[in-house]
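Each chain is listed here by its residues.
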Amino acid sequence: MENKKTFWPYGILISLGLIVIACIVTIFIASKAPVYEDNFYFDTYQNVETNFNEIQKKQQQFDANFKLSIMDKESFMHKKNKVYYIDLGKNEIKIALENLKAYDLNKLQIQALLSRPHTNENDEKLQAKVQANNLVFDFDVKEKGVWQLLLKITQDENSVGFFKFFLQTK
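Residues numbered from 1 in each chain as written. Predicted model: local features only at pLDDT ≥ 70, side-chain atom pairs only at ≥ 80, totals over all residues. Heavy atoms only, no water.

### Thoughts on the UniProt feature "transmembrane region" (unreviewed entry) in the protein chain
We count it as follows: UniProt positions are given in the numbering used here, feature names are shortened, and annotations may be inferred rather than shown by experiment. Note on conventions: DSSP H or I runs of at least 4 residues are helices, E runs of at least 2 residues are strands, and numbering of each starts at the N terminus.
The positions UniProt marks with the feature "transmembrane region" (unreviewed entry) are residues 7-30. Along residues 7-30, the helical share is 96% and the strand share 0%, with 35 Å between the first and last C-alpha atoms.

As structure tokens, this is what we get:
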């Protein structure tokens, strides 16, 4: 009788061991990475999850009253994914606020945050000025890279709009 040795059971055991080791390494690396909460809705994740349908109704009401778009298209290069390129020296951005129902724009409550998409270490609250149907934001970008301008505009308790504009420095 010939004694043949098969190695496939050892291969299965070795691959299962490597999978377990890969899972442990992945968990170890992931536990070292910081966790940043998305603050698009200017509220905690739990509150947004609980009230998401109500938030969407308020957004629809706001969209029926107003429309926002970036101004100064000459100074921004528009791309398909709505990323606008800015110079590091440029410290102002204008957003056109089209008033569809003749509402007094000075009564709007505007919260603005300049942030990085991957971290909230450099978050900076911005003050908005309303100038002739435009929202004007002054900011100081110190680093190159991608930034996001997050807006929460409150008309009343039933009409709240949330917007995100991506900016990238040259």
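### A short note on the environment of Leu 113
Convention followed: The rule is simple: take the accessible area with a 1.4 Å probe, protein chains only, and divide by the maximum for that residue type; under 20% is buried, over 50% is exposed, in between is partly exposed. The contact criterion used is simple: two residues touch if any of their non-hydrogen atoms lie within 4.5 Å.
Within the element layout of this structure, Leu 113 appears in strand β4 (residues 109-115). Residue Leu 113 is classed as buried on the basis of its relative accessible area, which comes to 9%. Linking Leu 113 and Lys 152, residues 39 residues apart in sequence, is a C-alpha distance of 8.9 Å. Excluding residues that lie within four positions of it along the chain, Leu 113 makes contacts with Asn 39, Phe 42, Asp 123, Glu 124, Lys 125, Gln 148, Leu 149 and Leu 150.

### Description of the packing of aromatic side chains
We count it as follows: Stacked, tilted and edge-to-face pairs are distinguished by plane angle, under 30 degrees for stacked and over 60 for edge-to-face with tilted covering the rest, among Phe, Tyr and Trp rings (Trp via its six-membered ring) whose centres lie within 6.5 Å. In this scheme, Lys NZ or Arg CZ marks a charge over a ring once it lies within 6 Å of the ring centre and within 35 degrees of the ring normal.
Evaluated as defined, the whole model comprises eight aromatic pairs. When the centroid spacing of 6.3 Å and the interplanar angle of 90° are considered together, the rings of Tyr 41 and Phe 52 count as edge-to-face. Here the residue Tyr 41 occupies a position in the loop between α1 (8-32) and α2 (45-50), and Phe 52 occupies one in helix α3 (residues 52-65), the gap between them amounting to 11 residues. Ring geometry for Tyr 41 and Phe 162: centres 4.9 Å apart, planes at 70°, overall edge-to-face. Placement of the pair is Tyr 41 in the loop between α1 and α2 and Phe 162 in strand β9 (residues 159-169), with a sequence separation of 121 residues. Both residues of the pair, Tyr 41 and Phe 162, belong to the buried class. Here Arg 116 stacks its cationic end above the ring of Trp 147, 4.6 Å away from the centre of that ring.

### Details of the nonpolar core
We apply this condition: We define a nonpolar core as any set of buried Ala, Val, Leu, Ile, Met, Phe, Trp, Tyr and Cys residues linked to one another through side-chain atoms lying within 4.5 Å.
Of all hydrophobic cores here, the largest spans 23 residues; its most connected members are Leu 68, Ile 95, Phe 137, Leu 149, Leu 151, Ile 153 and Phe 165. At the level of elements, β1 (66-70), β3 (92-99), β4, β7 (134-138), β8 (146-156) and β9 are the ones that each hand at least two residues to this core. The element that contributes the greatest number of residues to this core is β8, accounting for four residues. Those residues in contact with Ile 153 that sit more than four places away from it in its chain are Phe 62, Leu 68, Leu 108, Gln 109, Ile 110, Leu 135, Ser 159, Val 160, Gly 161 and Phe 163. Counting eight residues, the second largest nonpolar core, distinct from the first, contains Phe 40, Ile 55, Leu 150 and Val 160.

### A short note on the side chain of Arg 116
Quick note on the threshold: Any pair of N or O atoms that falls within 3.5 Å is considered a polar contact. Within protein, one atom must be able to donate a hydrogen and the other to accept it, and sequence-neighbouring residues count only if both atoms are side-chain atoms.
One can find Arg 116 in the loop between β4 and β5 (124-126). Within the structure, Arg 116 has its side chain in polar contact with the backbone oxygen of Lys 144 (distance 3.3 Å). The contacts of Arg 116, once residues within four sequence positions are left out, are Asn 122, Asp 123, Glu 143, Lys 144, Gly 145, Val 146, Trp 147 and Gln 148.

### Overview of the pattern of salt bridges
Stated precisely, the cut-off is as follows: Definition used for salt bridges: Asp or Glu carboxyl oxygen within 4 Å of a side-chain nitrogen of Lys or Arg.
One pass over the structure, following the stated rule, counts three salt bridges. Two residues, Arg 116 and Glu 143, come together in a salt bridge whose shortest N-O distance is 3.2 Å. With a gap of 27 residues between them, Arg 116 in the loop between β4 and β5 and Glu 143 in the loop between β7 and β8 connect regions that are remote in the sequence. You can call Arg 116 buried: its relative accessible area is 8%. The shortest N-O distance in the salt bridge between Asp 138 and Lys 129 comes to 2.9 Å. With relative accessibility at 37%, the residue Asp 138 sits in the partly exposed group.

### Structural notes on the side chain of Gln 59
Its location among the elements puts Gln 59 in helix α3. Residues contacting Gln 59, with those up to four places away along its chain left out, are Val 160, Gly 161, Phe 162 and Phe 163.

### A short note on α3
So the rule is basically this: One less than the number of residues in a helix, times 1.5 Å, gives the span that helix is expected to have.
In this model, α3 (14 residues) spans 20 Å end to end at C-alpha, consistent with the 20 Å of a helix rising 1.5 Å per residue. Close packing links the buried residues of α3 with α2, β1, β3, β8 and β9.

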